[in-house]
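Overview (structure and organization)
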Amino acid sequence: MPSWVRRAAQSLFSVLFPSDCRICGEPLLNVSRLPVCPECLHQIGRVRGRVCSICGERVLSAYAMAESDGMVRCPVCRRVDRPFRRAVAYGSYDDALRELIHLLKFNGVQPAASVLGRMLAETISAIEPGFEQPSVLVVPVPLYKGKRRQRGFNQAERIARAALKVSNARGRLRLAPDILQRVRETHSQIGLTSHQRRENLRGAFAVPHAADVVGREILLVDDVYTTGTTVSECAKVLRLAGAAEVWVATVARTLKLASKYAGIGEEEKPAVSAWDVHEGAQDEDVSAGEGSEILNLE
Ligand SMILES: [Zn+2]
Ligand SMILES: [Zn+2]
């Protein structure tokens, strides 16, 4: 290709796509509907180290011994019964993954949902062998209607929809976004004690039609698992309404022991991320977007 064609294409490119990576600020070199560079996306990996089989929290080596049932339990899950069967998360809620979630949630960058959805799909495939029913209802943690109106969408639902498009288990997963509702506005959970968090959420969720959930197996989905209070409250409400079982899958999780594990060796780093696995799908997204003619110049 003559160099002037390349230059013209590049300048046209920068006029039409003037964005920098919204995470690290480096100029983007390729056309993508998601304004995040590949380096930032590649930094996002699965949770490393041993985690609790029930809640997904990292466990110290003293607790990392599997019990007689083959499960590894953190100190909390040894003490209390969780209202869900298992909660699993794709990655640690920090750095690039945290930024990507914020881009969707607070900046309305919708293409982030498809990347986050692929991560969620990978997470779901880890628990799918445990599903007992042929059809599982996927329930996104709901927002209060005022908040949803203000944001324009529920990020948990967007991520769930994106996951269902690519999930291996999609044949048995059915999105059911309306069976659980947030009927009361709640304050931010930040800075509250665990007792205060539970009080804050008491009565916040409801199942308007119990018949929708009676005897059903449910997969509750959210963007982030922080203290687990929200998904626990949702799971309790679903179980009280008659759900047979509740599983939880989130894209990210706050890991309390993160700093202790900062030095974990590279050998534990996953060889492939959700991004690698589905890179082809991302290419489709790009060519389907505006500006595909410009791509063809290259
Ligand atoms: Zn970047
Ligand atoms: Zn646990």
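Above this text is the structure in question.
Residues numbered from 1 in each chain as written. Chains lettered and ligands numbered in written order. Predicted model: local features only at pLDDT ≥ 70, side-chain atom pairs only at ≥ 80, totals over all residues.

At a minimum axis separation of 9 Å, helix α4 (residues 95-107) and helix α5 (residues 112-127) run at an interaxial angle of 130°. When the interaxial angle is binned, α4 and α5 end up oblique. In the crossing of α4 with α5, the sense of the turn from one axis to the other is left-handed. Across the interface between the two elements, L100, I101, L103 and L104 of α4 pack against A112, A113, V115 and L116 of α5. When grouped by side-chain class, the residues that make up the contact of α4 with α5 number eight nonpolar, no polar and no charged. (Axes fitted to C-alpha atoms, helices over the stretch in contact; angles between N-to-C directions. Helix = DSSP H or I, 4+ residues; strand = E, 2+ residues; numbered from the N terminus. Parallel < 35°, antiparallel > 145°, perpendicular 65-115°, else oblique. Left-handed = near helix turned anticlockwise from the far one by under 90°. Contact = placed C-beta atoms within 7 Å. Nonpolar A, V, L, I, M, F, W, Y, C, P; charged D, E, K, R; others polar.)

Pairing is parallel in the open sheet, where five strands are placed in the order β1-β7-β6-β2-β3. Lying at the two open borders of the sheet, with one neighbouring strand each, are β1 (87-92) and β3 (173-175). When the angles between neighbouring strand axes are averaged without regard to direction, this sheet yields 25°. Relative to strand β7 (residues 245-253), strand β6 (residues 217-225) runs parallel, the two being bridged by eight bridges. (Pairing = 2+ DSSP bridges.)

Let us look at the environment of S167. Positionally, S167 belongs in the loop between α7 (155-166) and β3. Among the residues examined, S167 registers 22 C-beta atoms within 10 Å and is labelled buried. Sequence separation between S167 and M119 is 48 residues; the distance between their C-alpha atoms is 9.7 Å. The residues touching S167, leaving out its near neighbours within four places in the chain, are A121, I124, S125 and L173. (Buried ≥ 20, exposed ≤ 12 C-beta atoms within 10 Å, placed from the backbone.)

Attention now moves to the nonpolar core. Ranked by internal contacts, the top residues of the largest apolar core, which has 71 residues, are L116, L120, L219, L220, V221 and L238. Put simply, the parts of the chain that give this core at least two residues each are β1, α4, α5, β2 (136-140), α7, β6, α9 (229-240) and β7. Sort the elements by how many residues they give to this core and α5 lands first, with eight residues. With near-sequence residues (within four places) excluded, L220 lies in contact with V139, V141, V231, C234, A235, V246, W247 and V248. (Core = buried A, V, L, I, M, F, W, Y, C linked by C-beta atoms within 7 Å.)

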